[in-house]
Structure formats: structure tokens, C-alpha cells
Amino acid sequence: MQKEVAPSFSNYDYIIFDLDNTLYHRGKPIKERMSLLRKALSMSKKVFFLTNSAARTRAQIQGIFLNEGIELALSHIITGNELIEAYTKEKGLNRPYIVGSAHITSLGNSREKPDVVVVTYLPVLKTEVLDDLKKLRDSVDELICVDKSAYLPTDGKVRCGSYWLVKAVEDALGKECTLLGKPSTYPAKLLPPDVGKKPTLVIGDSSSDEAFAKKINAEFMAV
Ligand SMILES: [Mg+2]
């Protein structure tokens, strides 16, 4: 009997892939997962891609897979950038001070009188930035981040996640950070409203993907 290599995607109305370390690693497609992705795309029109990272734009992510001959719908890719844009728009925040890198076209990076501090990812946090943030204690309304994971296990190696960075900024500002990325359910706001109400499968590599799946009433497949 032939061994089944992938779940029966036809059972699900929605399939949501994580990206980092699920479909690519450091911007390079994970070759052995491409058949899983192709199978999902061939069986469903409702395949979405969800990453907490704000390091790449949707178009850059699309480009990673175009090199493999796979075209992802741009509007089905949701990154940390879309989460930040949606949240700041919803709350009427328009002067962000961004700690880390982000690709947010609708907003600038406001060093003068910011109304929100946005934390993405940085490998090194300079003390000047922390000193800057301490001065903003009383003027900033909100502190948001796209990821808060303590570490990222990849290929048996452990890399630092964003937890330390978020914690340092929280301490400097004296404010608690609102998490927009998984495992918070905020990303579901950018997905069709019946995701999780109709059979949904989340495919990912981390405990935050699994926790997100559980919260939105989806099944989870670990890769
Ligand atoms: Mg991942």
C-alpha cells in the first residue's frame, strides 16, 4: 500500500500555512515542503499564508516561490506589516516609532511625538534607542509588537526570538505590549470571516502556530 505523504486537503475549506521554517528558511524555499504546498494549492483556492515577521513584503515573499514556479496570490499573504497597518488604522494611530525593520507604506517612522511604538525584530538593540524610548514614556499611547516568542527552534538549533527585545522596550516605556501576531487571534481579522467556522487546517512549525490553530478552532499539522 502506498504511504500517504500529506493529509487529505479536500476535507478542509481553508488551509493556512505558516511561512518561516515551514515553507522557507532564511528566504530560501524548503525544497522538501514544495510538494505539500503544490498539493494544497491544487486542491483548494482558499490557501492563506501567515507570518508574524515584518522583514519581507508580500511581493518579496511571492518572489521566493515564483523561483520555484509557484504563484501565491498576493492578497492571501499576511505578514507582520499587514497586521501593523490594520491595527494602527483601526485605532487611528498614525505616528509610529518603529523599533526594528518593517515595510509599512502607509505610515512613516516618527521620531517626533510618536503615538505608537511598534516592535518588530532587531538582532541588536542599541542603548541610544532605549534612552530615546524612556523619554517617550508619557507621550506614547500604545506599544505593539508582531512577535513575542522566546526562541525559534530551527533545524535542531535554537535562535533568539523577539521576547528579549519586546521585554526591553516594555521596561523602557513602562507599558505592556499588545501582541498582533500568532498566537494572538488578531491575524484572523485579516482572514475570511468563516475561517475556523468551516473546516480549517493550520500548517506550521511552532507552538505559536499550534496555539493559534486551537484558538481559531482549526486543526493543526506540524511540519
Ligand atoms: Mg514558523
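A quick note: this is a predicted structure, and the numbers were derived from the prediction, not measured.

1. What to know about the sheet that holds strand S13 (residues 219-222)
The strand order S5-S4-S1-S12-S13 describes an open sheet built from five strands, whose pairing is parallel. The two strands at the open ends of the sheet, each matched to only one other strand, are strand S5 (77-78) and S13. One ladder, built from two bridges, connects strand S4 (residues 47-50) with S5; its direction is parallel. Within the sheet, the bridge partner assigned to Leu50 lies in S5 and is Ile78.

2. Remarks on the domain arrangement of the chain
Interfaces are frequently sized by the accessible area removed from exposure as the parts join. One can read the domain layout of the chain as domain 1 (9-80 + 183-222) and domain 2 (91-179). Contacts between the two partners involve ten residues from domain 1, matched on the other side by ten residues from domain 2. Broken down by class, the residue content of the side of domain 1 that touches domain 2 amounts to two nonpolar, eight polar and no charged.

3. Some thoughts on the sheet that holds strand S6 (residues 96-99)
The strand order across the open sheet built from four strands is S6-S7-S8-S11, with neighbouring strands paired in parallel fashion. The open sheet is flanked by S6 and strand S11 (178-179), the only strands paired with a single partner. As paired elements, strand S8 (residues 142-145) and S11 share two bridges and run parallel to each other. The partner of Ile144 across the bridge, within S11, is Thr178.

4. Section: helix H1 (residues 34-43)
Since the α-helix packs 3.6 residues into each turn, any two residues three or four apart lie on the same face. Three or more residues of H1 are buried, namely Leu36, Leu37 and Ala40. Buried positions in H1, seen along its axis, are confined to an arc of 100° and lie on one side of it. The exposed residues of H1 that point more than 90 degrees off its buried face are Ser35 and Ser42. Residues of H1 that are buried in the fold lie against strand S1 (14-18) and S4.

5. Re unusual backbone geometry
In the segment running from Lys182 into Pro183, the intervening peptide bond is cis, with an omega of 10°. By the secondary structure assignment, Pro183 is in the loop between S11 and strand S12 (200-204). Backbone geometry at Asn21 places phi at a positive 70°, although glycine is not the residue there. As for its position among the elements, Asn21 is in the loop between S1 and strand S2 (24-25). Given 20 C-beta atoms within a 10 Å radius, Asn21 is considered buried. With a phi angle near 50°, Arg26 is a residue other than glycine that sits in the positive phi range. With respect to the element layout, Arg26 can be found in the loop between S2 and strand S3 (28-29). C-beta crowding within 10 Å serves as the criterion here: with 7 such atoms nearby, Arg26 is assigned to the exposed category.

6. Let's talk about the environment of Ser101
Mapping Ser101 onto the fold places it in the loop between S6 and strand S7 (116-119). In this structure Ser101 comes out as partly exposed when scored by C-beta crowding, with 13 C-beta atoms within 10 Å. Look past the residues within four positions of Ser101 in its chain and what remains in contact with it is Ala54, Ala55 and Thr120.

Reading the values: rules and limits
Residues numbered from 1 in each chain as written. Predicted model: local features only at pLDDT ≥ 70, side-chain atom pairs only at ≥ 80, totals over all residues. Pairing = 2+ DSSP bridges. Helix = DSSP H or I, 4+ residues; strand = E, 2+ residues; numbered from the N terminus. Domains from an automatic or database assignment. Contact = placed C-beta atoms within 7 Å. Nonpolar A, V, L, I, M, F, W, Y, C, P; charged D, E, K, R; others polar. Buried ≥ 20, exposed ≤ 12 C-beta atoms within 10 Å, placed from the backbone. Arc of directions from axis to C-beta.

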